[in-house]
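Each chain, written out:
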Amino acid sequence: MTTRAWDAETYDRVSHAQVQWAGKVLERLPLKGNETVLDAGCGSGRVTAMLLERLPCGHVIGVDSSEEMVEYARTALGDRATILVANLTELELGSPVDAVFSNAVFHWIPDHDRLFERLFETLKPGGRLVAQCGGKG
């Protein structure tokens, strides 16, 4: 899969709509505060920071296929989250997560069968996937 280059600083500055959407999606994700959550398509880390606020004793693993976005998110979040460069259709974390969160990302990925196969493999049994896929309907 070809990775798209992003201007992460500009995206971070103008992604207000995506952040608003993410707030509504986060409301659908019940968390105790001690879970490990995958932010599938973490972008510049703005929404990852929102997840971290809900996980005072937990951890967030942010994944994005854009090296520019990952570099920006790592700088913005420091050691508060683990941020990785990876394609979601090839994702292998090594340890399962309690939940997968994604906002405005899945429409960029053409192979949804492979995407959901990898996300399912990433989740602990009984884990939860909460996502907003973009587009009307």
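Look up: the structure comes first, before these words.
Once a new chain begins, its residue numbering starts again from 1 and follows that chain's sequence as written. Local features in this predicted model are restricted to residues whose pLDDT is 70 or higher, and side-chain atom pairs enter the listing and the counts only when it is 80 or higher, whereas totals over whole chains, interfaces and linings include all residues. Working from all heavy atoms in the structure, the side-chain values ignore hydrogens and water.

**Student:** Describe the overall build of the chain, with residues and values.
**Tutor:** Scanning the chain for helices and strands turns up 5 helices and 5 strands. Secondary structure is summarised from DSSP: a helix means a run of H or I of at least four residues, a strand means a run of E of at least two, and numbering begins at the N terminus for each. Sequence-ordered secondary structure for the chain, helices as α and strands as β, is α-α-β-α-β-α-β-β-α-β. In the chain, which comprises 137 residues, the proportion classed as buried is 44%. Of all intrachain contacts in the chain linking residues separated by at least 6 positions in sequence, the fraction that spans at least 24 positions is 65%. Surface summary for the chain: the accessible area is close to 7700 Å², and the carbon and sulfur share equals 49%. A simple rule labels every residue: compare its accessible area, found with a 1.4 Å probe on the protein chains alone, to the largest value its type can have, and call it buried under 20%, exposed over 50%, or partly exposed in between. In what follows, residue pairs with any heavy atoms lying within 4.5 Å of each other are defined as contacts. Computed with the Shrake-Rupley method and a 1.4 Å probe, the accessible areas treat only the protein chains shown as cover for residues.

**Student:** I'd like to hear about the nonpolar core, residue by residue, with values.
**Tutor:** Residues enter a nonpolar core if they are buried and are Ala, Val, Leu, Ile, Met, Phe, Trp, Tyr or Cys, with the set joined through side-chain atoms within 4.5 Å. The biggest cluster of nonpolar side chains holds 21 residues, and the ones touching the most others in it are Leu29, Val37, Leu51, Ile83 and Phe101. Secondary-structure elements contributing two or more residues to this core are helix H2 (16-26), helix H3 (46-53), helix H4 (67-77) and strand S4 (97-103). For this core, the element with the most residues is H3, which contributes 4 residues. The contact partners of valine 37, leaving out residues within four places of it in the chain, are Leu31, Leu51, Leu55, His59, Val60, Ile61, Ala99 and Phe101. Grouped together as the second largest cluster of nonpolar side chains are 15 residues, Ile61, Val63, Phe106 and Ile109 included.

**Student:** Account for helix H5 (residues 112-122), naming residues and giving values.
**Tutor:** Burial in H5 covers these residues: Leu115, Arg118, Leu119 and Thr122. What you see down the axis of H5 is that its buried residues fit within an arc of 100°, all on one side. Structural note: H5 exposes Asp113, Phe120 and Glu121 on the side pointing more than 90 degrees away from its buried face. Buried residues along H5 sit against strand S1 (36-40), S4 and strand S5 (123-132). By arc we mean the arc of the directions from the helix axis to the C-beta atoms, nothing more.

**Student:** Before we move on, can you summarise the packing of aromatic side chains with the specific residues and values?
**Tutor:** Here the aromatic set is Phe, Tyr and Trp, taking the six-membered ring for Trp, and pairing holds for ring centres within 6.5 Å; pairs whose planes are under 30 degrees apart are stacked, those over 60 apart are edge-to-face, and all others are tilted. Per the stated rule, a full pass over the model turns up 1 aromatic pair. Ring plane angle 85° and centroid distance 5.4 Å describe the contact between phenylalanine 106 and phenylalanine 116, whose orientation is recorded as edge-to-face. In this pair, phenylalanine 106 is assigned in the loop between S4 and H5 and phenylalanine 116 in helix H5, connecting sequence segments 10 residues apart. Given a relative accessible area of 35%, phenylalanine 116 falls into the partly exposed group.

**Student:** Residues and numbers for the pattern of salt bridges, please.
**Tutor:** Should a side-chain nitrogen of Lys or Arg be within 4 Å of a carboxyl oxygen of Asp or Glu, the pair is scored as a salt bridge. By the definition in use, this model includes 2 salt bridges. The shortest N-O distance in the salt bridge between lysine 124 and aspartate 98 comes to 3.1 Å. Pair noted here: lysine 124 is in strand S5 and aspartate 98 is in strand S4, with a separation of 26 residues, a long-range link. Looking at aspartate 98, the relative accessible area reads 24%, which means it is partly exposed. Arginine 114 is paired through a salt bridge with glutamate 117; the nearest N and O atoms lie 2.5 Å apart. Of this pair, arginine 114 and glutamate 117 are both found in helix H5, 3 residues apart, which corresponds to roughly one turn of the helix. Take arginine 114: its relative accessible area is 30%, and that puts it in the partly exposed class. Owing to a relative accessible area of 39%, glutamate 117 belongs among the partly exposed residues under this scheme.

**Student:** How would you sum up the environment of proline 30? Please name residues and give values.
**Tutor:** Its location among the elements puts proline 30 in the loop between H2 and S1. Here the alpha-carbon distance between proline 30 and arginine 128, two residues 98 residues apart in the chain, equals 9.2 Å. Apart from residues lying up to four places away in sequence, proline 30 is in contact with Arg54 and Arg128.

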